Amino acid sequence: MPSTLFSKVWDAHAVRRLPNGQTQLFVGLHLVHEVTSPQAFDMLRARGWTVRAPDRTFATVDHIVPTADQRRPFADRMAEDMMSALERNCREHGIPLFGPGSGHQGIVHVIGPEQGLTQPGMTIACGDSHTSTHGAFGAIAFGIGTSQVRDVLASQTLALDPLKVRRIRVEGQLAPGVYAKDVILDVIRRLGVKGGVGYAYEYGGSTLAAMSMDERMTICNMSIEGGARVGYVNPDETTFAYLEGRPYAPKGEAFARARAWWASMASDPAARYDDEVVIDAGGIKPTVTWGINPGQALAVDERVPAPEGLHEAERESVREALDFMGFRGGAPIAGTRIDVAFIGSCTNARLSDLREAARIVRGARVRPHVKALVVPGSESVGRAAEAEGLDQVFREAGFEWRAAGCSMCLAMNPDRLEGRQICASSSNRNFKGRQGSPTGRTLLMSPAMVAAAAIAGEVTDVRPILRAKGEQ
Amino acid sequence: MGDGQESEGAERGVGAPRATEPGGVQGAPPIQTMSDRQIVRVAGRGLPLRGDNIDTDRIIPARYLRAITFEGLEAHLFEDDRQAPGHPFANPAYRGASVLLTNANFGCGSSREHAPQAIRRWGIRAVVGQSFSEIFFGNSVALGLPCVTASAEGVGALMDLVERDPAAEIMVDLDGLTVTAAGRAHPIALAPGARDAFLSGQWDATGLLLDRYEEVEAVGRRLPYVRGF
């Protein structure tokens with residue numbers, strides 16, 4: 001019977017049906033970081049258990065690493081404690097750790113793919129909600145909490161209920177200045193922040209087929225912002241070409257065999273879906289959030305909604321968002337003055353993101369009132385960008401060029417907003433207080449749009465800038 | 001506020017697990033029998049927290065995740081939101097509540113278990129809401145914190161009741177799938193797997209997952225990528 005990638009992967013990894021009706025699912029790759037794992041290792045120790053599959057477990061440090069000065073011990077004692085705990089736990093259990101200075105450290109969702117650890121047909125778990133990123137390779141990848149991290153460490157399995165599958169077909173060509181980030185913000189805007197609860201999102205269509213792996217990762221990354229714990233793209237030639245030659249990818253004849261298996265795991269053409277949505281890529285514009293969840297987004301040439309005239313249910317949430325943001329209903333989002341510009345995060349800190357942003361800033365200057373920083377997603381991304389001279393482009397324009405980490409996406413390190421600052425951010429969440437100041441405000445957008453906002457000092461449409469550059 | 005005291009309401013909660021704090025790291029937990037861990041009914045006072053899409057960054061801001069244990073998290077539950085006048089977690093009338101009432105998509109965002117940990121450590125023993133984010137729901141199950149859904153009308157009626165009378169007793173019955181307050185019963189829903197886990201006391205899944213490890217190894221041997229292609 002024709003089936004989806006989700007069903008094929010699920011069936012291949014199902015161990016047994018548990019007495020409560022849930023499925024015990026084998027986890028093929030477990031990624032670990034410093035924030036959600038120390039308690040799990042302690043629980044393991046307290047119960048006298050060990051790590052079952054240290055060879056299927058890999059760790060890095062990303063959330064708390066300082067991006068300005070990484071000398072040990074870290075200036076923040078709590079960050080140092082977390083780093084040391086991770087080092088101790090990895091040493092004790094024989095888990096490979098990609099630490100700062102190893103040349104391979106970075107945001108867990110950037111380094112998994114970069115190392116070739118993330119592969120099609122796998123189940124991947126990590127104590128982080130943006131684990132959906134790895135679905136870009138045709139893996140079933142999901143975020144888990146600390147007790148489940150303990151479960152995976154101890155048993156290499158999880159107790160789960162299956163998901164329904166919604167196919168999101170995006171068709172057509174994106175206009176210049178419109179990126180994967182705009183596509184996923186548009187999807188979430190349409191389907192809502194809880195529209196994906198109970199679903200895995202399968203992204204497909206000609207737009208996805210034409211996208212690079214970096215772009216597919218941006219899309220899958222934000223599935224969870226639409227409520228979907230899992231998002232994936234069927235593996236294809238683009239996927240296989242990306243993987244070939246990566247450190248942990250199979251080599252030689254094994255690669256050929258792997259490739260055949262990977263291809264066999266893709267959804268069959270006649271597979272049935274629980275739901276299907278079609279989106280016209282040509283209609284998507286550069287998109288910006290105006291509110292306090294990622295679904296509160298609009299095209300850069302639109303106006304912020306006014307609570308009057310909305311349904312009662314919506315009115316309250318729009319009012320709450322407007323109050324927090326200090327925006328007036330009906331005002332255009334373009335022209336909103338920004339204080340900070342952040343290019344980084346597991347959503348948009350890969351080499352292609354930095355290249356697009358650098359195109360915009362080359363030869364321009366960041367407005368004096370804007371603090372602007374670029375935080376590459378990994379040490380490898382940073383090195384590759386430096387080899388192309390992108391760091392110089394950013395520095396000359398007035399950006400700070402930092403070391404790899406999660407940084408201002410969630411502000412667990414010293415990079416954070418102050419007071420009511422407004423940040424144009426290439427990250428994934430605009431929740432109240434997300435960027436480290438309880439009253440700080442976040443506008444999510446593509447890296448190119450963040451770069452444009454840094455230069456203009458305010459939210460601005462990146463398309464005319466690109467057109468002008470093209471005419472030069 | 002956020003004193004983390006065990007509530008009186010929780011004392012009356014049937015089977016609320018009390019012998020150990022989940023995730024506690026004070027050495028080996030005392031031996032518990034299955035019946036200690038069964039959660040059939042939770043009864044106590046309610047705490048109405050209005051609003052859709054309350055995310056885990058609001059429940060526990062990221063700056064409080066800079067720690068290697070869960071201890072003391074309850075002191076920072078809704079730390080930033082609580083600064084707003086009249087926030088229910090800052091309202092002494094609701095101190096000691098054990099049933100949290102929420103609207104739609106509660107617990108969305110980050111997978112941080114710190115969120116349900118902080119809620120449970122504050123004294124909440126069950127959450128009744130319109131809907132929950134999946135990861136938050138799963139994390140809560142693993143802590144023995146039932147999150148049950150009721151209709152918008154049901155949740156609204158409970159919130160109205162508790163706002164009028166904070167001392168009103170709410171009874172969440174996972175067996176009968178009802179929530180009862182002021183003599184009125186509303187139907188609730190709970191995923192069958194989670195319900196069974198609470199009723200049987202097997203919400204801490206690790207033991208179960210380790211039960212027949214040879215079957216786990218067999219699946220590993222069948223997977224081409226585990227074998228090395």
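This structure is a prediction, so every number in the text was calculated from the model and none was measured.

Q: Any chance you could explain the interface of chain A and chain B here in plain terms?
A: By convention, interface size is frequently given as the accessible area that disappears when the constituent parts associate. Between chain A and chain B, the contact holds 77 residues from the first and 60 residues from the second. Where chain A abuts chain B, roughly 5,500 Å² becomes buried across the two surfaces, and 59% of that area is made up of carbon and sulfur atoms. Three residues, R16, N20 and Q39 of chain A, lead the burial of chain A against chain B; their summed loss comes to 11% of the area buried on that side. Here chain A is connected to chain B by 5 salt bridges. The salt bridge involving D76 of chain A is made with R66 of chain B; its shortest N-O contact spans 2.4 Å. Taken together, chain A and chain B are joined by 20 residue pairs in polar contact (both at pLDDT 80 or more). Of all the elements in the fold, those that place two or more residues in the side of chain A that touches chain B are helix 1 (5-13), strand 1 (14-17), strand 2 (23-26), helix 2 (38-47), helix 3 (77-93), helix 5 (146-155), strand 8 (157-160) and helix 10 (252-264) of chain A. With 7 residues, helix 5 of chain A is the largest single contributor of residues to the side of chain A that touches chain B. Here the side of chain A that touches chain B is built from residues that sort into 34 nonpolar, 25 polar and 18 charged.

Q: Looking at this model, I keep getting lost on the domain arrangement of chain A. Mind explaining?
A: Residues and elements named next belong to chain A. Each assigned domain of chain A is listed here: domain 1 (5-264) and domain 2 (287-471). Measuring from the centre of the C-alpha atoms in domain 1 to the corresponding centre in domain 2 gives 24 Å. In this complex, domain 1 contributes 42 residues to the contact, which on the side of domain 2 involves 49 residues. When domain 1 packs against domain 2, close to 3,400 Å² is buried across both sides, 55% of that on carbon and sulfur atoms. It is T67, Y179 and R189 in domain 1 that bury the most area against domain 2; as a group they hold 19% of the surface buried on that side.

Q: How should I be thinking about unusual backbone geometry in this particular structure?
A: The phi torsion of most residues other than glycine is negative, and most of the peptide bonds are trans. Residue R72 of chain A is joined to P73 of chain A through a cis peptide bond whose omega torsion reads -10°. Despite not being glycine, A182 of chain B has its phi angle at roughly 50°, a positive value. Mapped onto the secondary structure, A182 of chain B falls in the loop between strand 6 (178-181) and strand 7 (184-187). A relative accessible area of 64% means that A182 of chain B is categorised as exposed.

Q: Which parts of the structure should I look at to understand the environment of N103 of chain B?
A: All names here are of chain B. Within the fold, N103 resides in the loop between strand 2 (99-102) and helix 4 (114-122). For the pair N103 and A43, spaced 60 residues apart in sequence, the C-alpha separation works out to 20 Å. Once residues lying within four places of it in the same chain are set aside, the contact partners of N103 are L49, R50, G51, D52, G129, Q130, S131, V155 and M159. Of note is the side chain of N103, whose polar atom sits 2.8 Å from the backbone nitrogen of G51. One polar contact links N103 to Q130, side chain to side chain, over a distance of 2.7 Å.

The rules we used
- Residues numbered from 1 in each chain as written.
- Chains lettered and ligands numbered in written order.
- Predicted model: local features only at pLDDT ≥ 70, side-chain atom pairs only at ≥ 80, totals over all residues.
- Heavy atoms only, no water.
- Contact = heavy atoms within 4.5 Å.
- Buried area = accessible area lost by both parts, 1.4 Å probe.
- Salt bridge = Lys/Arg side-chain N within 4 Å of Asp/Glu carboxyl O.
- Polar contact = N/O pair within 3.5 Å; in protein donor to acceptor, adjacent residues only side chain to side chain.
- Helix = DSSP H or I, 4+ residues; strand = E, 2+ residues; numbered from the N terminus.
- Nonpolar A, V, L, I, M, F, W, Y, C, P; charged D, E, K, R; others polar.
- Domains from an automatic or database assignment.
- Buried < 20%, exposed > 50% of the residue type's maximum accessible area, 1.4 Å probe, protein only.

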